[in-house]
Every structure is written in C-alpha cells, then in structure tokens.
Amino acid sequence: MSNTIENFRNFFRPENKTEPFTLSASIWDSVELLKAQLIESSIEVKVCIEESEKDLSIDGFQNSFTQVILILINNAIDALKLTMENKEGEKDFSPLIAISLDKVGYNVALCVKDNAGGIHLEDKSKVFEPYFTTKHKSVGTGVGLYMAKQIIERQFNGTINVANTHWSNGDFERNKDSRNKEYFGAEFSINIPLQKD
C-alpha cells in the first residue's frame, strides 16, 4: 500500500524538465497503480520485456509516459469488462492484457493488446479524436486516447496506432511447453525514437 501511495505522489508531482527514465519502470508502475482494479475484474496482465531491454531508457517526462500507459491499460480493462458481460456464462473466456517493450533499430516499440474482440472498423480511425468514445457517456469522455496521442507525438516525437490483431500467448511467453492459445483484440502500438531530432 505504501508503494502505491508513493507511486501516486510521484505521478502527480509536476514535471518541468526532461530527464532520462527507465521505460520498464513506468510500465510496472502503471500495472501496480491499476492492480486492485485488475484483480477485481479478474483480468490477467502479462508483461514481456527481454532481459536486455529492462534498462532501456529515454529522455522525457516520465509521468506523461506513465499517463499514456495508464490510459491504454484502462481502455483495455473497460473493453474486457464489456466483453465479459457479453460472454457471461462462457467459462473458457479468460480476460488478458499483454504488454511488450522492444528496441527496434533506433526506436522503442511498446505494444498494449487485449483479447476483448477488437474495435469496430468504423471506429478505428476515430479513436484518437477528442470526445469520441465507444463507451456509454457515463463511463467514457473520449479524451483519454486523444491525450495519449498528443503526449506521444508532441513530447516524445513518436507515433501511436491501433489495429485489430490475432495473437497468441506464444508471442509473449518464452515457455515452449505451454499450450498455444489464440486471441483476438485491439493492439495499440507506440514507436518512440531513442534520440530526439
């Protein structure tokens, strides 16, 4: 509990200068902040970060980056909760969020995906527009993904995209003995250059 409180204190501390921070720390902080909500909804989170990339860092505003991850995980939670309501009684549905971090050339690639069934095609191009929401108005305001896009593009010179994707647990589990399960859902992918121009 004290760790969570400290995470919140750090998160709301104003930032006025960029500094190097470890990306994996932001990912784990975000998961920790949402832990109670994830447990309450029985949603599993898998984080896949290779040993060689655990210390991967960039220069920027850490709280802003953490905010983006929180937005993406929160959106996945909302989508999975809705899917669970629709699949009530289906015992074989296990809600899952998978987060991966990789270094690809001179870029950092972060992916957050779920198995909630994806975004309707007509909604995909609009999800980053302000005030656009697929949720009920009492649940969503439509500013989360818009904010995430602004942060990634303006503060980190990066890009954020969404696609519907088929994926398997083999994509993030290195254990060859585990049974391969297939999933379908939304995948948010972020690319950030390691060095700003």
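Residues numbered from 1 in each chain as written. Predicted model: local features only at pLDDT ≥ 70, side-chain atom pairs only at ≥ 80, totals over all residues. Heavy atoms only, no water.

## As for the packing of helix α4 (residues 62–86) against helix α6 (residues 144–156)
Definition in use: Lines are fitted to the C-alpha atoms to define the axes, a helix being fitted only along its stretch in contact, and any angle between axes, read from their N-to-C directions, falls within 0 to 180 degrees. Secondary structure elements are taken from DSSP: a helix is a run of H or I of four residues or more, a strand is a run of E of two residues or more, and numbering for both begins at the N terminus. The labels follow the angle: roughly parallel below 35 degrees, roughly antiparallel above 145, roughly perpendicular from 65 to 115, and oblique for the rest. Two helices that cross are described as forming a left-handed crossing if the nearer one is turned anticlockwise from the farther one by less than a right angle, and a right-handed crossing if clockwise. Contact definition: two residues touch when any of their heavy atoms are within 4.5 Å. Basically, the charged four are Asp, Glu, Lys and Arg, the nonpolar ten are Ala, Val, Leu, Ile, Met, Phe, Trp, Tyr, Cys and Pro, and anything else, Gly included, counts as polar.
At a closest axis distance of 9 Å, the pairing of α4 and α6 adopts a crossing angle of 150°. On the basis of their axis angle, the class for α4 and α6 is roughly antiparallel. Judged by the sense of rotation from one axis to the other, the crossing of α4 with α6 is left-handed. When α4 is examined against α6, the residues Ser 64, Phe 65, Gln 67, Val 68, Ile 71, Leu 72 and Asn 75 are found in contact with a partner set consisting of Gly 144, Leu 145, Met 147, Ala 148, Ile 151, Ile 152, Gln 155 and Phe 156. Across the contact of α4 with α6, the residue classes tally to 10 nonpolar, five polar and no charged.

## Comments concerning the environment of Gln 195
Note the following rule: Only protein chains enter the area calculation, which uses a 1.4 Å probe; residues under 20% of their type maximum are buried, those over 50% are exposed, and those in between are partly exposed.
Note on placement: Gln 195 falls in the segment after β7 (182–193). Judged by relative accessible area, Gln 195 falls into the exposed class, the value being 64%. Between the C-alpha atom of Gln 195 and that of Asn 107, which follows or precedes it by 88 residues, the distance is 8.3 Å.

## Side note on the packing of aromatic side chains
As a reminder of what qualifies: Within 6.5 Å between ring centres, the rings of Phe, Tyr and Trp (the latter by its six-membered ring) count as paired, and their orientation is classed by plane angle as stacked under 30 degrees, edge-to-face over 60, tilted in between.
Enumeration according to the criterion identifies five aromatic pairs in this entry. Note on Phe 21 and Phe 65: the rings are 5.7 Å apart at their centroids and 50° apart in plane angle, and the pair reads as tilted. Here Phe 65 lies in helix α4 and Phe 21 lies in strand β1 (residues 19–22), a separation of 44 residues in the sequence. Taking the centre distance of 5.9 Å and the plane angle of 70° together, the rings of Phe 65 and Phe 156 count as edge-to-face. Taken together, the positions of Phe 65 in helix α4 and Phe 156 in helix α6 put the pair 91 residues apart, joining distant regions of the chain. By relative accessible area, which is 1% here, Phe 65 ends up buried. A network of ring pairs unites the aromatic residues Phe 21, Phe 65 and Phe 156 as a single cluster.

## Some thoughts on unusual backbone geometry
Of note in this structure, Ser 42 is not a glycine but carries a positive phi near 55°. Looking at the secondary structure, you find Ser 42 in the loop between α3 (35–40) and β2 (44–49). According to the relative accessible area criterion, Ser 42 is exposed, its value standing at 54%.

## Concerning the environment of Lys 35
Inspection of the secondary structure assignment puts Lys 35 in helix α3. Judged by relative accessible area, which is 42%, Lys 35 ranks as partly exposed. Taking the C-alpha atoms as reference points, Lys 35 and Val 45, separated by 10 residues in sequence, lie 9.4 Å from one another.

## Describing the sheet that holds strand β5 (residues 107–114)
The condition is simple: Each pair of strands is called paired provided DSSP finds at least two bridges between the two strands.
One open sheet holds the five strands; their spatial order is β2-β4-β5-β7-β6, and the pairing between them is mixed. The sheet terminates laterally at β2 and β6 (159–168), the two strands that pair on one side only. Strand-to-strand twist in this sheet, taken as the mean axis angle between neighbours without regard to direction, amounts to 20°. Across eight bridges, the pairing between strand β4 (residues 96–104) and β5 is antiparallel. Across the sheet, residue Leu 101 finds its bridge partner in β5, namely Leu 110.

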